[in-house]
Amino acid sequence: MLSERRLEVLRAIVQDYVGTQEPVGSKALTERHNLQVSPATVRNDMAALEDEGYIAQPHTSAGRVPTDKGYRLFVDRLAGVKPLSKPERRAIQNFLEDAVDLDDVVSRTVRLLAQLTRQVAVVQYPSLTRSTVRHVELLLLAPARLMLVLITDTGRVEQRVVDCPAPISESSLADLRARLNSRVVGERFSEVPGLVQDLPESFDAEDRGTVSTVLATLLETLVEETEERLMIGGTANLTRFVHDFPLTIRPVLEALEEQVVLLKLLGEAKDPGMTVRIGHENVHEGLTSTSVVSVGYGSGDEAVAKLGVVGPTRMDYPGTMGAVRAVARYVGQILAES
């Protein structure tokens, strides 16, 4: 266990290095921070921190920089989440409230996160596997042709054209719409097949074929849309940190192009809490010089997807965590109200 004083020295080193991009020396620390000990004591503390792997000397005669282990201790023990100012919160709310549909919400969220954190922003679309049905609309296009519109609790809209085996009247269609919604509204997608399987039998014989066709299309839609989608933005922000990547920025950019890698980075959506992965905690070799801050968002108590940012390990963790958490909260509110 590190003493409180050594924790304070580590905190000061992280803050100075993140702020100045320069390795930190004991003289600068005692001048900039009220550590209330002599430079010699600070040098001893830095030597102990280095022996234990929390800081390292990048080259001879230089000061020290935090290691992945040092950043991890800083995030776990020393860094509070920095709250956004009132004007920042108001700006987020106003920007997101103007969104016209789910795609617009996701697009605006990516832009917002990238601007607030000056990192790469990644936003996962709400997963249909964790969604519930808000409404199913059925519209008559021709006597034997319908439009099926599925609306989820997160505002996602899926449309399908259904060719029916026989014409259906407006009154029968209204009856099907009412009975279908009475069974599926508010239910999880995974529950829907069991809830509608006996529905055709409750209709007259001449309508059963059409009812079965409509239900088959609905169930296909639920299955089709389970693949995960995400949006990424702010990749150009990485060019501001070229010196933070030991050899080249290229492996990072290549990793960010792989959707599977990004989904793994964000983590499981069912774990809604804040996750911070630092340096070599990211298993993809192209991302071992980056940190990832992610959190779940949703329209209720449960997360339906994740959002987060990717940047260099030399990151303003308190500010980034605060921005990611605030944006996730506002996105959840927008989805709940949509």
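All values derive from a computational prediction rather than experimental measurement. (Residues numbered from 1 in each chain as written. Predicted model: local features only at pLDDT ≥ 70, side-chain atom pairs only at ≥ 80, totals over all residues. Heavy atoms only, no water.)

> Quick question: what am I supposed to make of the sheet that holds strand β4 (residues 133-142) here?
Pairing between the strands of a sheet comes from backbone hydrogen bonds, and it takes one of two forms, parallel or antiparallel. In spatial order, the strands read β4-β5-β6; together these three strands make up an open sheet with antiparallel pairing. For this open sheet the edge positions go to β4 and β6 (157-163), each flanked by a neighbour on one side alone. Mean inter-strand twist for the sheet, computed between neighbouring axes without regard to direction, equals 20 degrees. Pairing of strand β5 (residues 145-152) with β6, which is carried by seven bridges, proceeds in the antiparallel orientation. Counted as the bridge partner of L150 is E158 from β6. (Pairing = 2+ DSSP bridges. Helix = DSSP H or I, 4+ residues; strand = E, 2+ residues; numbered from the N terminus. Axes fitted to C-alpha atoms, helices over the stretch in contact; angles between N-to-C directions.)

> Please clarify how the pairing of β4 should be interpreted in this entry.
Strand residues, when the strand is regular, have side chains that alternate between the two faces of the sheet. Bridge count for β4 against β5 is eight bridges, and the pairing is antiparallel. Looking at the pairing, V136 lines up with L150 of β5. Where β4 folds back onto β5 in an antiparallel hairpin, the turn is made up of two residues.

> When you look at the packing of aromatic side chains in this model, what are you seeing that I'm missing?
Where two aromatic rings form a pair, the distance of their centres and the angle of their planes describe that pair. All chains considered together, the criterion is met by one aromatic pair. When the ring of Y71 is compared with that of Y317, the centres are 5.6 Å apart and the planes differ by 50 degrees; the resulting orientation is tilted. With Y71 in helix α4 (residues 68-78) and Y317 in helix α12 (residues 317-337), the pair connects residues that are 246 residues apart, well separated along the chain. Here the two residues Y71 and Y317 agree in accessibility, since each one is buried. One cation-aromatic arrangement involves K69 over Y54; the distance from NZ or CZ to the ring centre is 4.6 Å. Geometry around Y125 places R229 over its ring, the cationic atom sitting 4.0 Å from the centre. (Phe/Tyr/Trp six-rings, centres within 6.5 Å; stacked < 30°, edge-to-face > 60°. Buried < 20%, exposed > 50% of the residue type's maximum accessible area, 1.4 Å probe, protein only. Lys NZ or Arg CZ within 6 Å of the ring centre and 35° of its normal.)

> Before we go on, may I ask you to explain the side chain of R64 in this structure?
Relative to the assigned elements, R64 resides in the loop between β1 (55-56) and β2 (65-66). Within the structure, R64 has its side chain in polar contact with the side chain of E50 (distance 2.7 Å). Ignoring any residue separated from it by four or fewer positions in sequence, one finds R64 in contact with I13, P23, V24, M46, E50, I55, A56 and Q57. (Polar contact = N/O pair within 3.5 Å; in protein donor to acceptor, adjacent residues only side chain to side chain. Contact = heavy atoms within 4.5 Å.)

> Looking at this model, I keep getting lost on the nonpolar core. Mind explaining?
Side chains of nonpolar character tend, in soluble globular proteins, to be buried together. Grouped together as the largest cluster of nonpolar side chains are 57 residues, with contacts concentrated most on L29, Y297, L307 and Y317. The dominant element in this core, judged by the number of residues it contributes, is α12, at eleven residues. Grouped together as the second largest cluster of nonpolar side chains are 23 residues, V136, I168, L180 and L222 included. (Core = buried A, V, L, I, M, F, W, Y, C linked by side-chain atoms within 4.5 Å.)

> Help me out: how do you make sense of unusual backbone geometry in this one?
Excluding glycine, most residues fall at negative phi; most peptide bonds, likewise, are trans. Within the chain, Q21 stands out as a residue other than glycine whose phi angle is a positive 65 degrees. Mapped onto the secondary structure, Q21 falls in the loop between α1 (4-20) and α2 (26-32). Owing to a relative accessible area of 38%, Q21 belongs among the partly exposed residues under this scheme. Within the chain, R118 stands out as a residue other than glycine whose phi angle is a positive 60 degrees. Note on placement: R118 falls in the loop between α6 (102-117) and β3 (120-124). Judged by relative accessible area, R118 falls into the partly exposed class, the value being 47%.

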